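Chain by chain, the residues:
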Amino acid sequence: MKFTLPWLKEHLETDADAESLGRTLTHIGIELEGIEPRGADLDAFSVARVTGVRQHPHADKLKLCEVESRHGGFEVVCGAPNVRLGMKGVFAPEGVTIPATGTVLKRSKIRGVESQGMLCSARELGIGEDHEGIIDLGDDPEVGTPAARALGLEGPVFDVAITPNRGDCFGVHGIARELAAAGVGELAVPDTAPLPAAFETARRVRLDFPEEAKDACPLFVLREIRGVRNGESPAWLQERLSAVGLRPISALVDVTNWSTLDMGRPLHVFDADKVEGDLYLRLSEAGETFTGLDGKAYTLDAGMTVICDDSGIVSLAGIMGGESTGCDATTENVLLEIAVFDPARTARTGRKLGIDSDARTRFERGLDLGFVLPAAEWATRTILDLAGGEAGSVHVAGAVPDPRVRIPFDKRELTRLTGLTLDDPSIMRILVDLGFEVASEGEGRFEVTTPPWRHDCARPADLVEELARIHGFDRIAAESMRRDEAVNRVVLDTSQLRRARIRRALAARGLDETVTFSFVGDQQAQAFGGTPVRLANPISSDLVALRPSILPSLAEAVAKNQARALDDPALFEVAAVYTDARAGGQEWATAGVRAGRPTPRHWAVVDRAVDALDAKGDALAALEAAGLDPAKLRITREAPGHFHPGRSAVLTLGRDVVAHFGELNPKLAKLFDLEGPVAAFEVFLDRLPQPKRKKTRAKPMLVASAYQPVDRDFAFLVDESVAAGDLLAAVRGASELIREVTLFDVYAGKGVPAGKRSMAIAVRLQALDRTLGDADIEEAACRVTDAASAACGAELRR
Amino acid sequence: MADRLDSLRHELLEAVDHAPDLKTLDEVRVQALGKKGRVTEVMKTLGSLPAEERKPFGQRVNAVKAAVEEAIAARREVLEAAELEAKLEAERLDVTLPPRPHPIGRLHPVTQVTEEITAIFADMGFAVAEGPDVDDDFHNFTALNFPPEHPAREMHDTFFIEGHPELVLRTHTSTVQIRTMMAGPPPYRIIAPGRTFRCDSDATHSPMFHQVEGLVIDRSTHMGHLKGCLQDFCEAFFERDDVPLRFRPSFFPFTEPSAEVDIGCRRSKDELIIGEGSDWMEILGCGMVHPAVLENVGVDPDAWQGFAFGLGIDRMAMLKYGIPDLRTFFEADLRWLKHYGFAALDFPTTFAGLAR
């Protein structure tokens, strides 16, 4: 919301300057977004007189003008159609900066004739839209007068943010009232004295609403005004509207804008000669159409409040007037509408049709219901002042609703909620200045009645806010929080702790943590799990589906990094994934990807690409960080389709799938624009069992043998279909003397029969009670080879 | 005879001293002291001597043997040292070679800052609560006292879920206030960090961002405590003794009174310094929990009271760590992650410091 300092001062008698008013506004909850000095950039511009006009020798539409300015006489080339001898305008000498464009004016040749400056249009000066011709200042101003003074420019322009609960501050008068309550001035009272009717308004208004929709329009005031001249509004009003960014149009239109901004009171003016018969209001039916003042056709839903005449819909209540009955230069007789429309319906209609008008902004936030009939007098007077004519009688349909609420208030409530203490007179003064009626009942108790413009106050807490903000939040003393426990408790639950530990464990393994959007493209989501949960109003088509897995986002991240020649990304993320929109359809997961090399190319490291086992290591590290014993996990091959079928697996714990790992299915490479294999894993955190509650944090006693261990190596030949995991498990279980089993070589090729693999396994044997003798070792070795043979058909390689 | 022994001794010691390496030295040892060595051979002649000569001759031969043994040991030490030196010299490594890589990843600033915030509020007795990203209209709006159709709802640019008109992506973490209060009786003292979503994307807005909600409900907490709590938090978070805060009246449907909080700062060309200068920058919204919200969750607003606040985590990260652009948070650019990320083991704590 914008307004100017002189405009504010018409509502508020004050000596305060713009700066201090701005500070006070922010202080009481009307946030100052800026103060623009209007006309401050016009210092170099001044009034000049045209002392001679000649035709440009080489251009029909250009003229050569002699101008007399405070800098002396100049010749300028001018294309404005309205330039004439003796005219006074705004002159820009060379070297000044033109506000609208920010460019410095240079002496230049136009069609072969040098121009030594410029006569300016309103748009060039950044003070209006007019660019049809140059500014015509009339005869009054002296040559050399500063342009800002000659133009009657309004002073500084305030830009403030109004919170949505304060419809009453969407008018300069409401803002002035707040400032008056804050003690910076005296509020002026608008002139709402009744204007006598010169004739009987013949037209009637009917409110045709079903009982349950009576609130759509509880009150409609109509007044006819005859014999208006709808020319330009006076310069001061044009300037005032221009200053806040509105384009002056005609006296009648400017009056409606003026009323909206000045009193926060939208009104509408119909051209009476275009209205057929009486007006009536009703709810629209689905499919009805309406053409607004903006020239656009709208198709309405059922239940929108509309104003009709015998020809059909002529206005969209509280939002926009219609084209068919709009005022223009020929308008002589008008119908003035001052109405009350239901905020909720207005908001719904405006949103559905996508119309954001100044009227809607105010109606949907709630108007001053004490300023309806008085507004009719105020608006009529303004129209007569600006456009002439005479006013008919006031015709009223419906009744003024009374929105006032009585609130019993005990000032201890203020202390309870804010810690502030105010005396009774201060409480009375603040509330009365804000327009509340206050009756003191003694002992700090009051009966407070809300003003008819405050729809946001209904209970004591609301009054606490009024008192605290006007008294000043800065006067509330800060107090530190105290906690009950001497020593801090653990505040994270198991899930939160696991996520924190997994993050640090994965980062320690060389993966960088990402935070990516929870939504991806439809295809990308589908590639990772069926039909996704979708947004009804996505921002773009690549951000439409809630991701069923973190992997599509990470795959996109890999591709983006690869495209920037960052070739070895190793990324992970901990986030929620979504399989169902309804409750319980979201679970915590962590996922990671590696592409390119596992470590950078290095002189001492074998160069290789990432593979599924890198992902397996990451998955196991995440699970271990979550507190799981990897020995309890079972590994099977049924990984979902987004993985390479031959290079992926599922880790299960009991019946629950707790992780997938593997290489991404190469068929995804094209969709995601991936280069080379991508090793990926995902771990489902909510499926992990809760840790058992233990009575003690004590660890079990360490059992360490005092006797020498013995190491034996075995080289087994197995069919290539034999899983290493099965062979290792068989060996591990072969003897009680076995402490450690390590697979230290896997080989196929020369020297190994086709279809076979050689697996070399180191076994460490150790007893707790003795040094192992030859017989012990021999027996254990036999058991190892027997177990390997029985479980996997392994033969000792000779 | 005696001369022979002297010359043998001399000859053997000479050979020991001149042995160029351990192998030759060993050969010398065998030639001198081995089973068929020259000293051994001399010793064998002992039996052929008259009885009275045996003892003195034996003593002299033993003396020669001992001298040779001693010389060999000394020579061995010298030769071993030389050999080791030569071996070590041969093993010389180019120590300027880069070591084998052991890559280590970084944590995202959102994680680090969330943990910093958690550490501070944990010290003030707050627990950590969470709620779902997809939530219903009730938890996101209605229970929080947003009237139907009110413009305050529109300020939120809500994402809706297709096929479920009642479901939204939560526009704020305030949903967790409602979930916490409906889950059990007061008092409550929680923070709730998490993802939030608004249908808005431009230079300063991202459709996804992070908030942390705070909620305190007990018998006596008032707005002075709200100011104290946030003042204490900001001083701890920005690691400064005095951070100027400005509480500005504002409006949120779920708090009454409501305030926005600005932090004092100095903005220069490309730097922002918190706690100095004369500019103000908005950092959070807060207020006393609205009595209607308490009623909506079945808590008596005349018996219980307290405050709530909502803080942008990404924004706090930007302010504290000088990260210029919100949108870059979510782009997963490796260079950004490495540059703005945090070391894997830098756990923020209030006892050891939040940041290095």
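Residues numbered from 1 in each chain as written. Chains lettered and ligands numbered in written order. Predicted model: local features only at pLDDT ≥ 70, side-chain atom pairs only at ≥ 80, totals over all residues. Heavy atoms only, no water.

Student: So what about the overall build of chain A? Which residues, and what values?
Tutor: For chain A, the helix and strand inventory stands at 19 helices and 40 strands. Expected size for 798 residues packed as a compact globule is a radius of gyration near 28 Å; at 41 Å, chain A overshoots this value by more than 25%. Seen through its C-alpha atoms, chain A measures out along the principal axes to roughly 130 × 85 × 55 Å. Within chain A, one finds 95 positive and 119 negative side-chain charges whose respective centroids are separated by 8 Å. (Helix = DSSP H or I, 4+ residues; strand = E, 2+ residues; numbered from the N terminus. Rg over C-alpha atoms; globule rule 2.2 N^0.38 Å. Lys, Arg positive; Asp, Glu negative; His and termini not counted. Charge placed at Lys NZ, Arg CZ, Asp CG, Glu CD.)

Student: Pulling in residues and values, what's your account of the side chain of A:Asp456?
Tutor: Residue and element names in this part refer to chain A. Inspection of the secondary structure puts Asp 456 in the loop between β26 (445-449) and α12 (460-471). Looking at Asp 456, the relative accessible area reads 18%, which means it is buried. Within the structure, Asp 456 has its side chain in polar contact with the side chain of Arg 454 (distance 2.8 Å). Apart from residues no more than four positions distant in its own chain, Asp 456 is found in contact with Asn 165, Arg 166 and Asp 462. (Buried < 20%, exposed > 50% of the residue type's maximum accessible area, 1.4 Å probe, protein only. Polar contact = N/O pair within 3.5 Å; in protein donor to acceptor, adjacent residues only side chain to side chain. Contact = heavy atoms within 4.5 Å.)

Student: Before we move on, could you go through the domain arrangement of chain B and cite the residues and values that matter?
Tutor: Domain annotation of chain B identifies domain 1 (2-90) and domain 2 (107-343). Distance from the C-alpha centre of domain 1 of chain B to the C-alpha centre of domain 2 of chain B: 91 Å. (Domains from an automatic or database assignment.)

Student: So what's going on with the sheet that holds strand β3 (residues 134-136) of chain B? Which residues, and what values?
Tutor: Residues and elements named next belong to chain B. Ordered in space as β3-β5-β4, the three strands form an open sheet in which the pairing is antiparallel. The open sheet is flanked by β3 and β4 (160-161), the only strands paired with a single partner. Examined bridge by bridge, β4 and strand β5 (residues 164-169) share two bridges and lie antiparallel to one another. Residue pairing in the sheet places Phe 160 in a bridge with Val 168 of β5. (Pairing = 2+ DSSP bridges.)

Student: Report on the sheet that holds strand β22 (residues 334-340) of chain A, specifying residues and quantitative values.
Tutor: All names here are of chain A. Sheet architecture is open: four strands sit in the order β15-β22-β14-β23, paired in antiparallel fashion. With partners counted over all chains shown, the strands left at the sheet margins are β15 (268-271) and β23 (390-398), one partner each. Adjacent strand axes in the sheet meet at a mean angle of 20° when their direction is disregarded. Contacting β14 (219-226), β15, β22 and β23, helix α9 (residues 373-387) runs over the sheet at an angle of about 20° to β14. (Axes fitted to C-alpha atoms, helices over the stretch in contact; angles between N-to-C directions.)

Student: Explain the nonpolar core to me, using residue names and the numbers behind them.
Tutor: Nonpolar side chains tend to gather and get buried jointly when the protein is soluble and globular. Among the nonpolar cores identified, the biggest contains 121 residues, and A:Phe519 and B:Phe233 are the most heavily contacted of them. Ignoring any residue separated from it by four or fewer positions in sequence, one finds A:Phe519 in contact with A:Leu535, A:Asp542, A:Leu543, A:Val544, A:Ala545, A:Leu546, A:Arg547, B:Phe159, B:Leu169, B:Phe197, B:Pro207 and B:Met208. Ranked by size, the runner-up nonpolar core spans 52 residues in total, among them A:Leu179, A:Ile225, A:Ala251 and A:Leu252. (Core = buried A, V, L, I, M, F, W, Y, C linked by side-chain atoms within 4.5 Å.)

Student: Describe the packing of helix α13 (residues 494-508) of chain A against helix α16 (residues 612-625) of chain A, and please don't skip the residues or the numbers.
Tutor: Residues and elements named next belong to chain A. Closest axis-to-axis distance for the α13/α16 pair is 8 Å, and the angle between their directions is 145°. α16 is crossed by α13, and the crossing has right-handed handedness. Residues Arg 501, Ile 502, Ala 505 and Leu 506 of α13 lie in contact with α16, whose contacting residues are Asp 618, Ala 622 and Ala 625. Each residue belonging to the contact of α13 with α16 can be placed in one class, and the counts come to five nonpolar, no polar and two charged. (Left-handed = near helix turned anticlockwise from the far one by under 90°. Nonpolar A, V, L, I, M, F, W, Y, C, P; charged D, E, K, R; others polar.)

Student: Account for the pattern of salt bridges, with residues named and values stated.
Tutor: All told, the structure shown has 80 salt bridges over all chains when counted by the stated rule. Among the ionic pairs, A:Asp618 bridges to A:Arg509, the shortest N-O distance being 2.7 Å. Here A:Asp618 is found in helix α16, whereas its partner A:Arg509 is found in the loop between α13 and β27 (512-513), with 109 residues between them in sequence. Classification of A:Arg509 as partly exposed rests on a relative accessible area of 35%. The residue B:Asp262 makes a salt bridge to B:Arg248 at a minimum N-O spacing of 2.8 Å. (Salt bridge = Lys/Arg side-chain N within 4 Å of Asp/Glu carboxyl O.)

Student: How would you explain a negative patch on the surface if you had to name every residue and give the values?
Tutor: Among the surface-exposed residues, B:Asp21, B:Glu77, B:Glu80 and B:Glu83 lie close enough to one another that they form a single negatively charged patch. Structurally, B:Glu80 can be placed in helix α4 (residues 51-90). (Patch = residues over 30% accessible without salt bridge, like charges linked within 9 Å, V, L, I, M, F, W, Y side chains within 5 Å. Areas by Shrake-Rupley, 256 points an atom, 1.4 Å probe, with all protein chains shown as cover.)

Student: Report on helix α19 (residues 774-792) of chain A, specifying residues and quantitative values.
Tutor: Residues and elements named next belong to chain A. Counted at 1.5 Å a residue, the expected span for α19 with its 19 residues is 27 Å, and the 27 Å between its end C-alpha atoms agrees. Residues of α19 that are buried sit in contact with β37 (710-719), α18 (724-732), β38 (738-747), β39 (756-765) and β40 (795-796). At the C-terminal side of α19, Gly 793 shows a positive phi close to 65°. (Expected span 1.5 Å × (residues − 1).)

Student: Can you explain the interface of chain A and chain B? Please cite residues and give values.
Tutor: Contact with chain A, which involves 92 residues of that partner, is made by 99 residues of chain B. Along the contact surface separating chain A from chain B lie eight salt bridges. Our count for the chain A to chain B interface comes out at 46 residue pairs in polar contact (both at pLDDT 80 or more). Residue composition of the side of chain A that touches chain B, grouped by class: 44 nonpolar, 20 polar and 28 charged.

Student: Any chance you could break down the side chain of A:Thr590 for me, citing the residues and the numbers?
Tutor: Mapped onto the elements of the fold, A:Thr590 is located in strand β32 (residues 586-595). Polar side-chain contacts of A:Thr590 include one of 3.1 Å to the backbone oxygen of A:Glu573.

Student: Give a detailed account of a nonpolar patch on the surface, specifying residues and quantitative values.
Tutor: A surface patch of nonpolar side chains, amounting to about 260 Å² of accessible area, comprises A:Leu373, A:Val394, A:Val396 and A:Val400. Look at A:Val394 and you get partly exposed, because its relative accessible area is 32%.

Student: Explain the pairing of strand β16 (residues 279-283) of chain A residue by residue, including any values.
Tutor: Residues and elements named next belong to chain A. Burial within β16 is extensive, with four of its five residues counted as buried. As paired strands, strand β13 (residues 205-207) and β16 are joined by three bridges and run parallel to one another. Counted as the bridge partner of Val 205 is Leu 279 from β16. Pairing between β16 and strand β19 (residues 305-309): four bridges, direction antiparallel. Across the sheet, Leu 281 pairs through a bridge with Ile 307, a residue of β19.

Student: Break down unusual backbone geometry for me, citing the residues and quoting the values.
Tutor: Residues and elements named next belong to chain B. The amide bond that connects Pro 186 to the next residue, Pro 187, takes the cis arrangement and shows omega of 5°. Here the residue pair Glu 256 and Pro 257 is connected by a cis peptide bond, since its omega of -5° sits within 30 degrees of zero. By the secondary structure assignment, Pro 257 is in strand β9 (residues 255-267). Look at Asn 145: it is not a glycine, yet its phi comes out positive at around 75°.

Student: Could you give me a rundown of the environment of B:Asn140, with the residues and numbers involved?
Tutor: Residue and element names in this part refer to chain B. Locating Asn 140 in the fold gives a position in helix α6 (residues 137-140). The class of Asn 140 is buried, set by a relative accessible area of 0%. Within polar-contact distance, the side chain of Asn 140 engages the side chain of Thr 171 at 2.9 Å.

Student: Describe the packing of aromatic side chains, and please don't skip the residues or the numbers.
Tutor: A full pass over the atoms with the stated rule returns 25 aromatic pairs over all chains. A ring pair is formed by A:Phe519 and B:Phe197, whose centres lie 5.8 Å apart and whose planes are at 65°; its orientation type is edge-to-face. Of this pair, A:Phe519 sits in strand β28 (residues 519-520) while B:Phe197 is found in strand β6 (residues 188-197), placing the two residues in two different chains. B:Phe197 shares its class with A:Phe519; the two are buried. The rings of A:Phe517, A:Phe519, B:Phe159, B:Phe197, B:Phe329, B:Phe330, B:Trp336 and B:Tyr340 are connected pair by pair, giving a single aromatic cluster. (Phe/Tyr/Trp six-rings, centres within 6.5 Å; stacked < 30°, edge-to-face > 60°.)

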